[in-house]
Amino acid sequence: MQAAVRRQRREMDALWAEKAISVVLADPQVQRVSAQIQEAETQFGLELRTRLQPFQDRYDQAVRDGDAARLTGICPGKHGRWGRICVLDDGHETSMEEPHWGRNSEGRPIAWVGSAPGDW
């Protein structure tokens, strides 16, 4: 009985959290800032493209070849909800001092720093 109550409580908490996030994300100022961040990340991605494109090419080849060993060495940084997958080597943030870099869901180069709670 208590397990069912706890599960129901978690489900209600998740619904309330989702609603709160939706309200915040709908705010015009939040949308404006989000658009500015997206623009900056796209510009940053374009600036780094010449130097980092070989990583994207290597990633694309590993996907085509089904090279699991190569793919497991790729950075786990993802913004899956936004269609981003970092194509740099795992650990690049500390060893190469590079931001996450890859393509966005439209296929354009993008660079971002840090992670988001929805990373997967």
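The rules behind the values
- Residues numbered from 1 in each chain as written.
- Predicted model: local features only at pLDDT ≥ 70, side-chain atom pairs only at ≥ 80, totals over all residues.
- Heavy atoms only, no water.
- Helix = DSSP H or I, 4+ residues; strand = E, 2+ residues; numbered from the N terminus.
- Buried < 20%, exposed > 50% of the residue type's maximum accessible area, 1.4 Å probe, protein only.
- Contact = heavy atoms within 4.5 Å.
- Areas by Shrake-Rupley, 256 points an atom, 1.4 Å probe, with all protein chains shown as cover.
- Lys, Arg positive; Asp, Glu negative; His and termini not counted.
- Charge placed at Lys NZ, Arg CZ, Asp CG, Glu CD.
- Patch = residues over 30% accessible without salt bridge, like charges linked within 9 Å, V, L, I, M, F, W, Y side chains within 5 Å.
- Salt bridge = Lys/Arg side-chain N within 4 Å of Asp/Glu carboxyl O.
- Phe/Tyr/Trp six-rings, centres within 6.5 Å; stacked < 30°, edge-to-face > 60°.
- Lys NZ or Arg CZ within 6 Å of the ring centre and 35° of its normal.
- Pairing = 2+ DSSP bridges.
- Axes fitted to C-alpha atoms, helices over the stretch in contact; angles between N-to-C directions.
- Parallel < 35°, antiparallel > 145°, perpendicular 65-115°, else oblique.
- Nonpolar A, V, L, I, M, F, W, Y, C, P; charged D, E, K, R; others polar.
- Core = buried A, V, L, I, M, F, W, Y, C linked by side-chain atoms within 4.5 Å.

K.L.:
When you look at the overall build of the protein chain in this model, what are you seeing that I'm missing?
P.N.:
Within the protein chain, the regular secondary structure consists of four helices and four strands. Listed by position from the N terminus, the elements making up the protein chain come as α-α-α-β-β-α-β-β. Within the protein chain, buried positions represent 26% of all 120 residues. Nonlocal contacts in the protein chain, meaning residues at least 24 apart in sequence, comprise 47% of its contacts between residues at least 6 apart. With an accessible surface of roughly 8,500 Å², the protein chain has 57% of that area assigned to carbon and sulfur atoms. Between the centroid of the 16 positive side chains of the protein chain and the centroid of its 18 negative side chains there is a distance of 6 Å.

K.L.:
What's the story with the side chain of Q56 in this structure? I'm lost.
P.N.:
Turning to its location among the elements, Q56 is positioned in helix α2 (residues 28–65). Setting aside residues up to four positions removed in sequence, Q56 forms contacts with V87, W101, G102 and R103.

K.L.:
Sorry, what's going on with a nonpolar patch on the surface here?
P.N.:
Where nonpolar side chains cluster on the molecular surface, the patch consists of M12, L15 and W16 and spans about 370 Å² of accessible area. Within the secondary structure layout, W16 lies in helix α1 (residues 2–26).

K.L.:
Hey, could you run me through the packing of aromatic side chains in this one?
P.N.:
The geometry of an aromatic ring pair comes down to the distance between the two centres and the angle between the two planes. Inspection of the entire model under this criterion finds zero aromatic pairs. One residue, R84, lies across the ring of W112, its end atom 5.4 Å from the ring centre.

K.L.:
It is not clear to me how the pairing of strand β3 (residues 100–103) should be interpreted in this structure. Could you clarify?
P.N.:
When a strand is regular, its side chains alternate between the sheet's two faces. Note that β3 and strand β4 (residues 109–112) share four bridges and pair antiparallel. Residue G102 lies in a different strand from β4, and its bridge partner there is I110. The antiparallel hairpin formed by β3 and β4 contains five residues in its connecting segment, where G107 sits at a positive phi of about 90°.

K.L.:
What's the story with the packing of α1 against α2 in this structure? I'm lost.
P.N.:
The description of two packed helices rests on the angle between their axes and on the distance between the axes. Closest axis-to-axis distance for the α1/α2 pair is 5 Å, and the angle between their directions is 75°. By the criterion of interaxial angle, the relationship of α1 to α2 is roughly perpendicular. Touching V24, L25 and A26 of α1 are P28, V30 and Q31, all from α2. Considered class by class, the residues forming the contact of α1 with α2 number five nonpolar, one polar and no charged.

K.L.:
Sorry if this is basic, but what is going on with the nonpolar core here?
P.N.:
A general feature of soluble globular proteins is that nonpolar side chains tend to end up buried together. By size, the foremost hydrophobic cluster in this structure holds 13 residues, and its most contacted members are L48, L52, F55, C86, V87, L88 and W101. Elements with a minimum of two residues in this core: α2 and β4. Take this core: its biggest share by element is four residues, from α2.

K.L.:
I would appreciate a short explanation of the environment of E39 in the present structure.
P.N.:
Considering the arrangement of structural elements, one finds E39 in helix α2. In the structure, E39 is positioned 35 residues away from A4 in sequence and 45 Å away in space, judged by C-alpha atoms.

K.L.:
What's the story with the pattern of salt bridges in this structure? I'm lost.
P.N.:
When charged atoms on two side chains of opposite charge get close, those side chains can pair. Under the defined criterion, the tally for this structure stands at six salt bridges. D13 serves as the salt-bridge partner of R9, at 3.5 Å between the closest nitrogen and oxygen. With a gap of four residues between them, R9 and D13 both fall in helix α1, about one helical turn apart. Residue R9 is classed as exposed on the basis of its relative accessible area of 56%.

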